[in-house]
Amino acid sequence: YEKAAYAGMAEGYFRLGVCYEIGIGVTADMDTSVKQFQKAASMDHPAAEHKMASLYLNGRGVPRDVNQGMTLLAKSAENWAPAGNELAFIYVNGLYGQTVDQKKALSYFPKAAEQGNLEAMKNLAIMLKDGAGGKADPQAALRWYLIAQKAGFNPPDRPTVIDGLKKKLKPAQIKQAETDADKWLAAARARNQQPAQ
């Protein structure tokens, strides 16, 4: 990781930050960890931006700065699904002094879900099911629940929720949601099988 960092690779700096944060191969050192994360974030590494956002939001290793944390989290969310899911969750729940804003949350969950984040898929499905931030859409909610389920996300209430959604839909709508879920998964698998560019 040091060699990668010294060669100017953002991923190297990020991985070094993780090593120093939790003490892998070195003595844990939060100051050094933060410096590595900051370097990676300055190179537009989305996971490092997400990490720095978390550190600022919680005042861990750096002075607490919610504005800086939210700015970095929004930047990271452009390309990093976990950050998008977290940002949307913050707006749903009004965390870190943010105003509850379901419409804003609904603008972040879909992108994170499309990027393959299972938690975002579930959260988006809940919002679509309940009409939070917009009009209820049981067919779209079912589609995202099915995608998340087939991708491995199986919370205990899943069968009850899916059955409840199906009761609100016509057979053709259920079939379409199932078809759309399968198409999404097939396209996601195809993208993951493409050679790295």
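To be clear, the structure that these remarks concern was listed above.
Notes on the structure in this doc start here. Note that this is a predicted model, so its numbers are computed, not measured.

**Some details on the packing of helix α5 (residues 66–77) against helix α6 (residues 81–93)**
A packed helix pair is summarised by two numbers, namely the angle formed by the two axes and the spacing between the axes.
Right, so step 1: In contact at an axis separation of 7 Å, α5 and α6 are set at 130° when each is read in the N-to-C sense. The orientation of α5 relative to α6 falls into the category oblique. By crossing handedness, the relation of α5 to α6 is classed as left-handed. Along its contact with α5, which presents Met-70, Leu-73, Ala-74, Ser-76 and Ala-77, the element α6 presents Ala-83, Gly-84, Glu-86, Leu-87, Ile-90 and Tyr-91.
Right, so step 2: Class assignment for the residues of the contact of α5 with α6 results in 8 nonpolar, 2 polar and 1 charged.

**Some details on the side chain of Gln-36**
Right, so step 1: The residue Gln-36 is located in helix α3 (residues 30–42) in this model.
Right, so step 2: The buried category is assigned to Gln-36, whose relative accessible area is 15%.
Right, so step 3: Contact partners of Gln-36, with chain neighbours within four places excluded, come to Tyr-13, Phe-14, Leu-16 and Gly-17.

**Concerning the side chain of Glu-49**
Right, so step 1: In this fold, Glu-49 is placed in helix α4 (residues 46–58).
Right, so step 2: Separated by 2.7 Å, the side chains of Glu-49 and Lys-75 make a polar contact.
Right, so step 3: Discounting residues that sit within four places of it in the chain, Glu-49 has contacts with Ala-41, Asp-44, Leu-72, Lys-75 and Ser-76.

**Points about the nonpolar core**
Right, so step 1: Core analysis: the biggest nonpolar cluster contains 58 residues, and Met-52, Leu-142 and Trp-144 have the highest contact counts within it.
Right, so step 2: If you tally residues by element for this core, the top one is helix α9 (residues 138–150), at 8 residues.
Right, so step 3: Once residues within four sequence positions are removed from consideration, Leu-142 is found in contact with Ile-162, Leu-165, Lys-166, Leu-169, Ile-174 and Ala-177.

**Quick notes on the pattern of salt bridges**
Note that side chains of opposite charge can pair when their charged atoms are close.
Right, so step 1: Tallying each qualifying case throughout the model produces 9 salt bridges.
Right, so step 2: Put simply, Asp-44 and Lys-75 hold a salt bridge, and the shortest N to O gap is 2.4 Å. Placement of the pair is Asp-44 in the loop between α3 and α4 and Lys-75 in helix α5, with a sequence separation of 31 residues.
Right, so step 3: For Lys-129, the salt bridge goes to Asp-130, with nearest N and O atoms at 2.8 Å.
Right, so step 4: Salt bridges here are not isolated pairs; linked through shared partners, they connect Glu-21, Lys-51 and Arg-60.

What counts as what
Residues numbered from 1 in each chain as written. Predicted model: local features only at pLDDT ≥ 70, side-chain atom pairs only at ≥ 80, totals over all residues. Heavy atoms only, no water. Axes fitted to C-alpha atoms, helices over the stretch in contact; angles between N-to-C directions. Helix = DSSP H or I, 4+ residues; strand = E, 2+ residues; numbered from the N terminus. Parallel < 35°, antiparallel > 145°, perpendicular 65-115°, else oblique. Left-handed = near helix turned anticlockwise from the far one by under 90°. Contact = heavy atoms within 4.5 Å. Nonpolar A, V, L, I, M, F, W, Y, C, P; charged D, E, K, R; others polar. Buried < 20%, exposed > 50% of the residue type's maximum accessible area, 1.4 Å probe, protein only. Polar contact = N/O pair within 3.5 Å; in protein donor to acceptor, adjacent residues only side chain to side chain. Core = buried A, V, L, I, M, F, W, Y, C linked by side-chain atoms within 4.5 Å. Salt bridge = Lys/Arg side-chain N within 4 Å of Asp/Glu carboxyl O.

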